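A structural walkthrough
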Amino acid sequence: MAHRLIFHREIPADLSNALDYYEPISLELANNFRRSVDRTLNHLSSSPEIYPLDVVPIRFAKVQRFPYLIFFAARKDIVLVLAVLHGSTDPSKWRSRLEGQ
């Protein structure tokens, strides 16, 4: 059974920042990024426990073909998506999102 995805309020900004980088290079590249993120989200909603832990209870999934990571916490029947960020981003950026969750 797939877990319901709940997105942190910063996720639209995360995706917008990535697309702002890829779109000027190529619309096809930007669309491929979107599809890869969607596929990763679909997969992690079905099997969140297969992804490695970063800091308990946070896990991460690599976006296929792109240097981006999706950080999330799996709970009973939901997956809280905390961030979609470039792999070189300072971890404190997404870890601060844990407050109030």
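Refer to the structure above for everything that follows.
Here is what the cut-offs are and how they apply
Residues numbered from 1 in each chain as written. Predicted model: local features only at pLDDT ≥ 70, side-chain atom pairs only at ≥ 80, totals over all residues. Heavy atoms only, no water. Phe/Tyr/Trp six-rings, centres within 6.5 Å; stacked < 30°, edge-to-face > 60°. Helix = DSSP H or I, 4+ residues; strand = E, 2+ residues; numbered from the N terminus. Buried < 20%, exposed > 50% of the residue type's maximum accessible area, 1.4 Å probe, protein only. Core = buried A, V, L, I, M, F, W, Y, C linked by side-chain atoms within 4.5 Å. Contact = heavy atoms within 4.5 Å. Expected span 1.5 Å × (residues − 1). Bend = angle between axes of the 7 residues up to and from the residue. Axes fitted to C-alpha atoms, helices over the stretch in contact; angles between N-to-C directions. Nonpolar A, V, L, I, M, F, W, Y, C, P; charged D, E, K, R; others polar.

Examining the packing of aromatic side chains
- Applying the stated criterion to the full structure yields 9 aromatic pairs.
- Consider the rings of Phe33 and Phe66, whose centres lie 5.3 Å apart with planes at 80°: the pair is edge-to-face. With Phe33 in helix H2 (residues 27-46) and Phe66 in the loop between strand S3 (58-62) and strand S4 (68-74), this pair connects stretches of sequence that are 33 residues apart. This pair shows no difference in class: Phe33 is buried, exactly as Phe66 is.
- Centroid distance Tyr51 to Phe72: 5.9 Å. Interplanar angle 85°. Geometry classified as edge-to-face. Of this pair, Tyr51 sits in the loop between H2 and strand S2 (53-55) while Phe72 sits in strand S4, placing them 21 residues apart in sequence.
- For Tyr51, a relative accessible area of 14% translates into the label buried.

Focus on the nonpolar core
- Judged by nonpolar contacts, the single largest core of 19 residues is most densely connected at Phe33, Leu44, Tyr68 and Ile70.
- Those elements that place two or more of their residues in this core are helix H1 (11-25), H2, S4 and strand S5 (78-86).
- Take this core: its biggest share by element is 5 residues, from H2.
- Every residue in contact with Ile70, bar those within four places of it in the chain, is listed here: Val37, Thr40, Leu41, Leu44, Arg59, Phe60, Ala61, Val63, Val81, Ala83 and Val84.
- In terms of nonpolar packing, the next biggest core, distinct from the first, is built from 9 residues, Phe71, Ala73, Ala83 and Leu85 among them.

Structural notes on H1
- With 15 residues, H1 extends 22 Å between its outermost C-alpha atoms, agreeing within 8% with the 21 Å of an ideal straight helix rising 1.5 Å per residue.
- The largest bend in H1 is about 25°, located at Leu19.
- What H1 keeps buried is the set Ile11, Asp14, Ala18, Leu19 and Tyr22.
- Looking at the buried side of H1, the elements it contacts are strand S1 (4-7), H2, S4 and S5.

A closer look at unusual backbone geometry
- Residue Pro57 follows Val56 across a cis peptide bond; omega there is 5°.
- On the secondary structure map, Pro57 appears in the loop between S2 and S3.
- The phi dihedral of Arg65 is positive, around 75°, even though this residue is not glycine.
- As for its placement among the helices and strands, Arg65 is situated in the loop between S3 and S4.
- Among the residues examined, Arg65 registers a relative accessible area of 62% and is labelled exposed.

Quick word on the packing of H1 against H2
- Their axes nearest at 6 Å, the elements H1 and H2 cross at an angle of 145°. Contacts from Leu15, Ala18, Leu19, Tyr22, Glu23 and Ile25 of H1 reach H2 at Leu27, Leu29, Ala30, Phe33, Arg34 and Val37.
- Classifying every residue of the contact of H1 with H2 gives 10 nonpolar, no polar and 2 charged.

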